[in-house]
Amino acid sequence: MFEPSNDRIYNAVVTLCIVLVFVTTAILGHAIAAYFTATGSDKGLAEYGPQGDFFGGHFGPVFGSLTLIVVIYSGYVQQRQQNRFFLQQQKKAEEALFLPELHSRH
């Protein structure tokens, strides 16, 4: 099982990541809106397609890689927790099986 300090750290990291995503999205949204407002461009949607392809082509793999790292780390944490649980259960089972025999011999 998680120790309380590790659980708090994990929750803090997850909360920080979520806040950073929202803050970054808000900042980028305002920056893009300010750019298009300042240039006063009246381009049609067809002219923004290549720009969207550029950003999507670069940021898509980055976000995909970050997601893969999070999934791998989550699997690692679950494996560690499961191993600890199984060791504890094995220890309890051994105590339950062998302690009554020791007490009956005395």
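Our structure is the block above this text.
Nothing here was measured: the structure is a model prediction, and the numbers come from that model. (Residues numbered from 1 in each chain as written. Predicted model: local features only at pLDDT ≥ 70, side-chain atom pairs only at ≥ 80, totals over all residues. Heavy atoms only, no water.)

Peer 1: Help me understand the overall build of the chain, please; the structure alone is not making it clear to me.
Peer 2: In terms of helices and strands, the chain carries two helices and zero strands. A buried classification covers 1% of the 106 residues belonging to the chain. (Helix = DSSP H or I, 4+ residues; strand = E, 2+ residues; numbered from the N terminus. Buried < 20%, exposed > 50% of the residue type's maximum accessible area, 1.4 Å probe, protein only.)

Peer 1: What am I meant to see in the packing of aromatic side chains here?
Peer 2: The geometry of an aromatic ring pair is captured by the separation of the ring centres together with the interplanar angle, meaning the angle of the planes. This model, assessed by the stated rule, comprises five aromatic pairs. Ring geometry for tyrosine 73 versus tyrosine 76: centroids 6.4 Å apart, planes at 40 degrees, classification tilted. With a gap of three residues between them, tyrosine 73 and tyrosine 76 both fall in helix H2 (residues 45-105), about one helical turn apart. Overall, the relative accessible area of 44% leaves tyrosine 73 in the partly exposed class. (Phe/Tyr/Trp six-rings, centres within 6.5 Å; stacked < 30°, edge-to-face > 60°.)

Peer 1: How should a nonpolar patch on the surface be read in this particular structure?
Peer 2: Residues Phe54, Phe55, Phe59, Val62, Phe63, Leu66 and Ile69 make up a contiguous nonpolar surface patch of roughly 710 Å² in combined accessible area. Tracing the sequence through the fold places phenylalanine 59 in helix H2. (Patch = residues over 30% accessible without salt bridge, like charges linked within 9 Å, V, L, I, M, F, W, Y side chains within 5 Å. Areas by Shrake-Rupley, 256 points an atom, 1.4 Å probe, with all protein chains shown as cover. Salt bridge = Lys/Arg side-chain N within 4 Å of Asp/Glu carboxyl O.)

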